[in-house]
Each structure stands twice: as structure tokens, then as C-alpha cells.
Amino acid sequence: MKFKTVFVCQQCGFESLKWAGKCPDCGAWNTLQEEVKAQENKKAPSRTRSFTDFSSEVVKLSESKASKEDRIPTHLAEFDRLLGGGLVKGQLTLLAGAPGIGKSTLMLQVAAELAKDKKVLYISGEESVGQISGRAQRLGIKGENIFLHCETDIQKIVESVENVNPDVLILDSIQTVYHPEFNSSAGTVAQVRECTSELVRLCKPKGMITFVLGHVTKDGELAGPKILEHMVDCVLYFDTEKDNVLRLLRPHKNRFGSTGEIGLFKMTSHGLVGLENASEYFAQTSRERAIKGRAYCLALEGSRPLLTEIQALVSPTRYPFPRRVATGVDLNRCLMLFAALEKHIGLALDNKDIFVSLAGGVKLKDPALDLAVCAAVISSCKDIAIPHDSVFMAEVGILGQVAKVPLLDRRLDEAQRLGFTRAFTAPVSKEEKTKIKQMNLAELLDLNDLSLRLK
Ligand code: TYD
Ligand code: MG
């Protein structure tokens, strides 16, 4: 077999005979890496054959049958919800995250649940059998039905899958496995692409549920080529926020469900625990009494309303340019809201420093937070305490008008459940009002209304 040297972009997979500082295809800098490639034998079947075989006759969509997707629950409520009710047979999921975030821990916990009635094969290229079993002991996992294999050669992994014939395969991680026919080192584009297509060919016909773990680069992008994300059914990113205890699992792509849901977990000494009552985690200050500069909002993360607390501090500045600091909410959005408050209700903010923070250490982009930000700023600026039983949910525009936000009824239901009695919103239609019974609604047209009601 002949070999040739090529330079491959580690981001997009572009191949070039010469090195260049910038990839001519995707424009990324410093991503071209030298790889040794076997020259293809013309008679041998092409390596770039499709990694799945879905070829069919031409049929009418109206006459075609939808494949039935029975959901296989993992019994980890947060994980199931974000997957859209559970796993599907033959599903290939990529779980990506920074080192130490808890990917291996989560997978071991998922494996333990699935192993109650399924055979699980856990392949690790990162840890020894001793290390994995040590972690399993700490998590209290017996692992009767879990088979461990520490291996990085994809051909041996395939053999091992053929021998064990598991229902669930976990591979930790894709960047450590290599295909011996390729000379480039593990983790390079060619290796990641080949090993993943080998896995797809393996798991789809068997209907085997497969999890592949992946590393992320320092920018939070998945290390390796984008093609990896195209090949799998589901991409999940594991992320943490500033306090380092909370873990967020976000679907980036999901062929069997929505990508709007997130899973919330806490890392404890016994592994990951789902945060079922998330609202209580995010609202931090005591709800017993009114506080100046604090406004509650039920913000949506996916389709789940979370009780969030906006805190604002408005204080005289000692600098020529007043400071504007926003944590957890978008600063530009806040700057627009401050300008609207100055213009439409004449709030004197020009010589004040303003700090706005979303308690709980998450970042949210829900427009419903606008009204809560305005209420908290007015409250801090004018020294008016906001009653502890009020929530604020509406979008505020540059003209100072207040607009409705989606899924108001769901937010109000959750607010009611949490004991709130008064909600500040945009005007609500009659039909919607019939659904809201116990809540006292304050319908606002614009910021003037808000300012008048906060006296
Ligand atoms: P790990 O799953 O090894 O992360 P990854 O596979 O993403 O690199 O998790 C490592 C971290 O999790 C480690 O710093 C210790 C912490 N941890 C706990 O806090 N509690 C536990 O029960 C376990 C198993 C890990
Ligand atoms: Mg790990």
C-alpha cells in the first residue's frame, strides 16, 4: 500500500497537499495538521461509502408507514425529559462536555438504570477497569449486567461488541479510539470520522442504543469535525454555570424530540442528582418579606417555567461614566431597558451605577425577564420594596410598551403553585382570563403603568 502526506483541517475536514495557516474552506486559523494517508487502491471498495444503509423503493409519503418508536426510559427523570420521553432503539447519542464535568459519571448512572433489564457494554479508552469500578462503588452501582472493556482499537471494539452482543454500548471517548488502517493519531478528523462511521454501521442494524462521549475545545465547541454531529441522532452538551455544582444538559440536535428542553443536575458526593424542584434552587433570597430591588419572574427554559429572581442595585456613581453590569442576563438588552425607563418614565439613571443580576448562576434569554428587570431597577432607584407575592412577566419594547410572552398560562400555573398571588403582565385576552382564576392580574400597557402601580 502506498502512503501520502496530506494536511487536514481539524475543524472541517478539508484536505490540502500543502500546509497553510488558514483553512481555505472554513477559514479557521491554525487547524491544518499533517496526516499520513494510505492511497486508495482503485479496485478496493471506496472508504467513503455511506455509513448507513437506508436505500428503499420510491414510495408515496401518504402510503409510507411511520416507524414506531417505543421509548425506553432511563428512569433518570431529567435525562428522559430532555430526550423526549426516553431513548429509541438504535439511537446514537453524542455526549460532549469539558473534562471533569461528569460525562463518565452520568453514563455510568444511565448504564446502571438500563442494566436492570438490558445488557450494557462500557468501553473506556480513558480509564482503567479499576478506576471505573472504583467510581461504580462510590455511586453504589453493582453492575450485574454491565460489561467493562478498556480498549482504544476500533476493530477490537467491534469484535468485543460482536462477542458480548449488548443492547446498550457506551464508548468513552471518541477522541481516544483509533482505526489501525489509518496512520494518523487518535482524535484527528480522519480517525474520528472513520471510528464513528464504524459505530453507526454497527449500531443501526442491531438496534443497539449507543452513547459516544466527546471532548470539547476551550471555546466550548466539540473537538473534531462537524461531520461527527451530522452522523449521530442526538448531540447533548454538558455544561456548568459559575457555582460549579449545577450541571446543565442541553440537546443541540435531537432526531427524536425537541431541542428546547434542558436537563438540570447537581453534582453531589453520590453522583449526579436531578433537580426536580428547580424553582427553589434559583430563587435564593427569602420569600418571606418584600425587598427593595428584587423582582420575581417565571422564565422559560425550554418549555419548563423556572422561578427566577432579578436583583438590581442602583447607586450614585463616582466615575465620569456610570457603570452598567449585568450577570445572567444580556447586557445590551438591559441597556435598552434602562434607556426606555429614562425616556418614558423619566427615571434619573444618568448619574447612577446599575448592577443587574439573575440569581442562581444561570444565563437566560427569555424576553419575559424584561418587565422584572424594569421593576427591580425602579424599585432600587426609588427605594420602593416590591411585595414578595408578585411576579413580573412581559416583554418591554423600545417604545416602553409592554407585550405578551408565550405560554403565559403555564407560567401562571407554576406561579400559583409556588404561592404567588399577583402577576404583572401585558393585557390578557378574555379566553385566557377564564383559565386564570386565583391569580390577581395587573395588566400593564406600558412602563408608565408599571411605575404607577409600584408606588
Ligand atoms: P467525570 O464523570 O469523571 O467527568 P468527565 O468524564 O466529564 O471528565 O467526573 C469527574 C468529576 O466529578 C470529578 O471532579 C469528581 C466529581 N464527582 C463527584 O463530585 N461526585 C461523584 O460521585 C463522582 C463519581 C464524581
Ligand atoms: Mg470521563
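None of these values were measured; they are calculated from a predicted model.

Participant: How should the packing of helix H2 (residues 103-114) against helix H3 (residues 129-138) be read in this particular structure?
Facilitator: A pair of packed helices is captured by two measures, namely the crossing angle of their axes and the spacing between those axes. Two numbers describe how H2 lies on H3: the axes approach to 11 Å, and their chain directions differ by 65°. Viewed along their axes, H2 and H3 adopt a mutual orientation that is roughly perpendicular. Like other packed secondary-structure pairs, H2 and H3 cross with a definite hand, here right-handed. Together, Ser-104, Thr-105 and Leu-108 of H2 and Ile-132, Arg-135 and Ala-136 of H3 make up the contact between the two elements. Of the residues contributing to the contact of H2 with H3, the split by class is three nonpolar, two polar and one charged.

Participant: Help me out: how do you make sense of the pattern of salt bridges in this one?
Facilitator: Any two side chains of opposite charge can pair, on the condition that their charged atoms come close. Using the criterion set out here, one finds twelve salt bridges in the structure. In this structure, Lys-204 engages Asp-233 in a salt bridge whose closest nitrogen and oxygen atoms are separated by 2.6 Å. One end of the pair, Lys-204, is in helix H5 (residues 189-206); the other, Asp-233, is in the loop between helix H6 (227-231) and strand E9 (234-240), with 29 residues separating them in the sequence. We classify Lys-204 as partly exposed; its relative accessible area is 27%. Owing to a relative accessible area of 2%, Asp-233 belongs among the buried residues under this scheme. Arg-333 is the partner of Asp-370 in a salt bridge, and the nearest nitrogen-oxygen pair spans 2.5 Å.

Participant: Help me understand the pairing of strand E5 (residues 120-124) in this model?
Facilitator: Where a strand is regular, its side chains alternate between the two sheet faces. For E5, a buried count of five out of five residues is recorded, marking the element as mostly surrounded by other parts of the structure. Side chains Val-120, Tyr-122 and Ser-124 of E5 all project onto a buried face; the interleaved residues Leu-121 and Ile-123 project onto the opposite face, where all are buried too. Across five bridges, the pairing between E5 and strand E6 (residues 146-150) is parallel. Each bridged residue has a counterpart across the sheet, and for Leu-121 the counterpart in E6 is Phe-147. In terms of handedness, the path from E5 via H3 over to E6 forms a crossover that is right-handed.

Participant: It is not clear to me how the nonpolar core should be interpreted in this structure. Could you clarify?
Facilitator: Within soluble globular proteins, side chains that are nonpolar generally end up buried alongside one another. One finds Ile-310, Leu-341, Val-356, Leu-371, Val-377, Phe-392 and Leu-450 to be the most contacted residues of the largest nonpolar core, which totals 66 residues. With nine residues, helix H9 (residues 369-382) is the largest single contributor of residues to this core. Taken domain by domain, the makeup of this core includes at least three residues from each of domain 2 (72-276) and domain 3 (281-453). Membership of the second largest hydrophobic core comes to 33 residues, among which are Phe-79, Leu-108, Leu-114 and Phe-211.

What counts and how
- Sequence order sets the numbering: in each chain, residues are counted from 1 along the sequence as written.
- Chain labels run from A onward and ligand labels from 1 onward, assigned in the order the entries are written.
- pLDDT decides what is reported in this predicted model: residues at 70 or higher carry local features, side-chain atom pairs at 80 or more are listed and counted, and totals for whole chains, interfaces and linings draw on all residues regardless.
- Each side-chain value is worked out from all heavy atoms of the structure, with water and hydrogens disregarded.
- The angle between two axes is taken between their N-to-C directions and runs from 0 to 180 degrees, where each axis is a line fitted to C-alpha atoms and a helix contributes only its stretch in contact.
- By the criteria applied, helices consist of DSSP H or I runs no shorter than four residues and strands consist of E runs no shorter than two, each listed in order from the N terminus.
- Oblique is the label for every angle not falling under 35 degrees (roughly parallel), over 145 degrees (roughly antiparallel), or within 65 to 115 degrees (roughly perpendicular).
- By convention, the crossing between two helices is left-handed when the near helix turns anticlockwise from the far helix through less than a right angle, and right-handed when the turn is clockwise.
- We call two residues in contact when some of their heavy atoms are within 4.5 Å.
- The residue classification treats Ala, Val, Leu, Ile, Met, Phe, Trp, Tyr, Cys and Pro as nonpolar and Asp, Glu, Lys and Arg as charged. All others, Gly included, are polar.
- Any Lys or Arg side-chain nitrogen found within 4 Å of a carboxyl oxygen on Asp or Glu counts as a salt bridge.
- Here's how the labels work: a residue is buried when its accessible area is under 20% of the maximum for its type, exposed when over 50%, partly exposed in between, all with a 1.4 Å probe on protein chains only.
- If DSSP finds at least two bridges between two strands, the strands pair.
- When the strands point away from the viewer and the connection leading from the first strand across the helix to the second strand turns clockwise, the crossover is called right-handed.
- Within this scheme, the nonpolar core is defined by two criteria: the residues are buried Ala, Val, Leu, Ile, Met, Phe, Trp, Tyr or Cys, and they are joined through side-chain atoms within 4.5 Å.
- Start and end positions for the domains come from either an automated domain assignment or a database one.

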